[in-house]
Amino acid sequence: MKSHRSSAVPLIAVAVGMLMLSYAAVPFYNLFCKATGFGGTTRESTEAPTTISDKTIHVRFNADTDPRLPWKFVPIEREITMRIGENRLVAFKATNESHEETRGTATYNVTPHLAGQYFNKIQCFCFQEQRLHPGETVTMPVSFFIDPAILDDPNLQGLSNITLSYTFFSYDSENQNKFN
């Protein structure tokens, strides 16, 4: 009987530890992605760098919408050319094409993925619930810069194009999927 108890305690501790790690995995993964730019994850910054390079880069903008969200979502400009280190403000436009108030949340990524760690957002609408009344159109700004350190990355030498992609998902369907 005593050997069963001595075996049960470590097994319960392992099970509890695994359960705790499973809940912590998503926040730790998000922190890892933000810190490293893994998977095209951009970084957040409070201000643009003081050094602006003479080298330029083309930034393309892509906008997609989940079919469950009745929105028309488009970038106002499809592409810009900017100097590396320069702070730029671009905008996307969303229109609720339904007859009801709808809610959405945007996710994003940068390609090529290695460039994500140098793509710094100062202001963004992503991961925030957006509510649109029937027929309402809103403009959503994104303020960003490309870190001049990108010029020193041997894996990105000769890079001339970066794409910033956003996808809007129905906020209601996202929350329903969490509990199913």
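Above: the structure in question.
Residues numbered from 1 in each chain as written. Predicted model: local features only at pLDDT ≥ 70, side-chain atom pairs only at ≥ 80, totals over all residues. Heavy atoms only, no water.

Visitor: What am I meant to see in the pairing of strand E5 (residues 88-96) here?
Guide: Successive residues of a regular strand alternate their side chains across the two faces of the sheet. Across five bridges, the pairing between strand E3 (residues 71-75) and E5 is antiparallel. Looking at the pairing, Val-74 lines up with Lys-93 of E5. Pairing between E5 and strand E9 (residues 137-146): eight bridges, direction antiparallel. By the bridge assignment for E9, Leu-89 is matched with Ser-143. (Pairing = 2+ DSSP bridges. Helix = DSSP H or I, 4+ residues; strand = E, 2+ residues; numbered from the N terminus.)

Visitor: Whenever I open this one, unusual backbone geometry confuses me. Can you help?
Guide: Glycine aside, negative phi is the norm for most residues, and most peptide bonds take the trans geometry. Of note, the amide linkage connecting Thr-111 to Pro-112 takes the cis form, showing an omega dihedral of 0 degrees. For Pro-112, the location among the structural elements is in the loop between strand E6 (102-111) and strand E7 (119-123).

Visitor: Please explain the pattern of salt bridges as it appears in this structure.
Guide: Close approach of charged atoms lets side chains of opposite charge pair. All chains considered together, the criterion is met by five salt bridges. The partner of Glu-79 in a salt bridge is Arg-60, with the nearest N and O atoms 3.3 Å apart. On the criterion of sequence distance, the pair formed by Glu-79 in strand E4 (residues 79-83) and Arg-60 in strand E2 (residues 56-65) is long-range, its members being 19 residues apart. Since its relative accessible area comes to 35%, Arg-60 is described here as partly exposed. The network of salt bridges with common partners includes Glu-101, Arg-103, Glu-129 and Arg-131. (Salt bridge = Lys/Arg side-chain N within 4 Å of Asp/Glu carboxyl O. Buried < 20%, exposed > 50% of the residue type's maximum accessible area, 1.4 Å probe, protein only.)

Visitor: Would you explain the packing of aromatic side chains in this entry?
Guide: Here the distance between the centres and the angle between the planes together describe a pair of aromatic rings. In the structure shown here, the tally under the stated rule is 13 aromatic pairs. Plain terms: the ring middles of Tyr-108 and Phe-127 are 5.4 Å apart, the flat faces sit at 65 degrees to each other, and that makes the pair edge-to-face. Placement of the pair is Tyr-108 in strand E6 and Phe-127 in the loop between E7 and strand E8 (130-132), with a sequence separation of 19 residues. Owing to a relative accessible area of 13%, Tyr-108 belongs among the buried residues under this scheme. Seen from their ring centres, Phe-119 and Phe-144 are 4.8 Å apart, and the 10 degrees between their planes marks the pair as stacked. Within this pair, whereas Phe-119 is found in strand E7, its partner Phe-144 is found in strand E9, the two being separated by 25 residues in sequence. Among the aromatic side chains, those forming a connected cluster through ring pairs are Phe-61, Trp-71, Phe-73, Phe-92, Tyr-108, Phe-119, Phe-125, Phe-127, Phe-144, Tyr-166 and Phe-168. Above the face of the Tyr-108 ring, Lys-121 is positioned so that its terminal group lies 3.5 Å from the ring centre. (Phe/Tyr/Trp six-rings, centres within 6.5 Å; stacked < 30°, edge-to-face > 60°. Lys NZ or Arg CZ within 6 Å of the ring centre and 35° of its normal.)

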